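# Overview (structure and organization)
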Amino acid sequence: MKRFSSRSWVFFFCLSAFSLRGASDPWKEASSFFDSKKYPEATAAFSKLIGQFPQDARGYLGRGKAFWLQKKYPEAVKDLDEAVKLAPKNAEAYNLRALAYDDWEKFQEALEDFGRAIELSPANAVYHHNRASTFRALSQPEKALEDYGKAVEKNPKYAPSFSSRGTLHADRFDFAAAIADFTKVIEIKPEDANAYFHRADAFNALREDVAALDDYARAHALDPKNAKVLNNLGFFYLVRKQYDPAIAELTKAIELSPSAEIHYNNRGLAWLEKGDFEKAHADFDKALSIKEKYPRAYRNRAALWLEEENYGMALADSTASVEQSNGTEAKSYRIRAAARFATGDEKGAEADMEKAFILGPQSPKGLAVPVPPQLLLEEKDAEAAWLAKDTPDSRARLAAARNAHAFAILDRQDKTNSFSALEEAAAYAKSAAVLQPDNAGHHFLAGLVFLELAGAGEKKASAMAAQSFTQAVDVQEDYAPAWLELALLSASEERPWEAMLAFENALEKDPAATAPYAVGPLCAMYAITGETLRGEDFFRELAAANPEVPSLSIGSAILLKHNGDDTAAAEILDNIIILEPPDSLSHEYAKQLLADWKSDL
């Protein structure tokens, strides 16, 4: 069992503490079978000792352990029950019985026994470490983190707890915390290849490429026969479109572990991206020959069939991927949508694209933009809830998470969003909009992301932004921010009539929020279209209805001045200067505007 290596030493110590010295010590001889993993022989030896010393707890401890290691959990627990009766203050008896319960998947019983072991030996870090593993099995990560913390507090040199906590942090997307823990493991055990390997993966997730490559190299140097290191290094190169080094590393992984399907799948994907379809086919076929139910291999082979315009096979393989992944692979839906569209099944294609949009971009580690871990945890839980049951509530929850993810990418403090990062943000925003098409805010955010993409050079993004803003106001006619963005976009594209109408809508829906951004540009649109008299009427009526928004009166003054009524225009500005606080923007703007007009005389 995976927990044995980090939990067993305390047991050996407890046995030896009671052992008689001498070469013929029967207890020592019985325990020696564990070193050579001769568990049936250990069972027989301790059975003999139990017969000779029925009141000695060591016999039941030893045989209980032997049964546990042979996965004979009922027999192990029975013996350890007897050990507890004979030695009720022996913490290791409770710890060992807890391990048997844990592997037997009787987790509550395991927790009780670990708790008793901790009570009897509160300074023992291992017992906290072991209980943390059970909390993880019960999907209680917060309690697991607490126990790992107590373990390293009691023994700051206990590397297994730092390592396990690091993997838990990584599972919870807290890669910075994972890096800190694996660094601690390396300080304690400088030759720990696994720590370098896991830290490399965490650096990769944070897109710290130089640090990741250095750690992959260290891991490989310390453990050159570990194919997983080479696989992950190959995938590191693959997602960065460095196909030749990716193929080289994945080939090495295959040489070390020729029966691991993942290596063939990843190398096949590299061949596909490189354009060598024949070799890609060979690798995907090999992966599926090793593991028949392998949804990602079917997905990738479907993409290959699609490239070759073999739509029937693309449809078959993408369907296999969808079914085997229980509908969790977005790319499988996208591929099947393309195949269905190519074969005339437009309705099926639309249904598949909706699923693909909802599932989001699913960017791989090393390509995904780092965002706060808590956001990713909530998104993961929300997606699981939607996959379990598609309801309005589960859709709303997932849509909120997708929206937050998109906004987090846009709002990154370092402001280093690449084109691919903006595409990822757009995918999350689109997912939210598809999940809740009646939510104007989701369409609006999608529009903002598309505007960023337009600024980055995507030619179709402006049209997509306009479409998203239009969808927002179609859903919620009084959604002023979308009207404002539509107006600004139309003005930038020299469509003054459309801009004029959108600015008017923005100001009518929310004059206080939009006036600082809309009044000046709208005055310009009135001038360009020759509709300044219309503008006078618009601003006069809106200002009368909203006297708390002095910017509207400034709009009236600007158009009066443009139409030749200098006196009325100046009077409006004088009133604003008198009525508005001296430190307000409207006061300052009116004062400056009036001074500019006087200087022009």
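As shown above, the structure is provided for reference.
Right, let's walk through the structure included here. Everything numeric here is computed off the predicted structure, so don't read it as measured data.

### Describing the overall build of the protein chain
Summing up its helical and strand segments, the protein chain has 34 helices and 0 strands in all. At 34 Å, the protein chain has a C-alpha radius of gyration far larger than the 25 Å of a compact globule built from 601 residues. Across its three principal directions, the C-alpha atoms of the protein chain cover 115 × 60 × 45 Å. Within the protein chain, the proportion of its 601 residues that are buried is 51%. If you take every contact in the protein chain between residues at least 6 apart in sequence, the share linking residues at least 24 apart comes to 53%. Accessible area of the protein chain: about 28,600 Å², with a carbon and sulfur share of 53%.

### Observations regarding the packing of aromatic side chains
Remark: the centre distance and the inter-plane angle together describe each pair of aromatic rings, the angle taken between the planes. Applying the stated criterion across every chain, the model contains 10 aromatic pairs. Each ring, one from Tyr101 and one from Trp104, has its centre 6.4 Å from the other, and the planes form 5 degrees; the classification is stacked. Here a set of aromatic residues connected by ring pairs shows up, and it is made of Phe34, Tyr39 and Phe46. The ring of Trp27 is capped by Arg58, whose NZ or CZ atom sits 4.0 Å from the centre of that ring.

### Considerations on the environment of Ala426
Secondary-structure assignment places Ala426 in helix α25 (residues 419-435). Residues contacting Ala426, with those up to four places away along its chain left out, are Val449, Phe450 and Leu453.

### Some remarks on the packing of helix α26 (residues 440-455) against helix α28 (residues 480-492)
Between α26 and α28, whose axes approach to 10 Å, the crossing angle comes to 25 degrees. One element, α26, and the other, α28, form an angle in the roughly parallel class. Seen from above, α26 lies across α28 with left-handed handedness. Contacts between α26 and α28 pair Phe444, Leu448 and Leu451 from the former with Pro481, Ala482, Glu485 and Leu489 from the latter. The residue makeup of the contact of α26 with α28, split by class, is 6 nonpolar, no polar and 1 charged.

### A short note on unusual backbone geometry
Here the phi dihedral of Phe173 falls at roughly 70 degrees; this positive angle occurs in a residue that is not glycine. Not every positive phi belongs to a glycine, and Glu494 is a case in point at roughly 60 degrees. Its place among the elements puts Glu494 in the loop between α28 and α29 (496-509). On the basis of relative accessibility, which here comes to 70%, the residue Glu494 falls in the exposed class.

Calculation rules
Residues numbered from 1 in each chain as written. Predicted model: local features only at pLDDT ≥ 70, side-chain atom pairs only at ≥ 80, totals over all residues. Heavy atoms only, no water. Helix = DSSP H or I, 4+ residues; strand = E, 2+ residues; numbered from the N terminus. Rg over C-alpha atoms; globule rule 2.2 N^0.38 Å. Buried < 20%, exposed > 50% of the residue type's maximum accessible area, 1.4 Å probe, protein only. Contact = heavy atoms within 4.5 Å. Areas by Shrake-Rupley, 256 points an atom, 1.4 Å probe, with all protein chains shown as cover. Phe/Tyr/Trp six-rings, centres within 6.5 Å; stacked < 30°, edge-to-face > 60°. Lys NZ or Arg CZ within 6 Å of the ring centre and 35° of its normal. Axes fitted to C-alpha atoms, helices over the stretch in contact; angles between N-to-C directions. Parallel < 35°, antiparallel > 145°, perpendicular 65-115°, else oblique. Left-handed = near helix turned anticlockwise from the far one by under 90°. Nonpolar A, V, L, I, M, F, W, Y, C, P; charged D, E, K, R; others polar.

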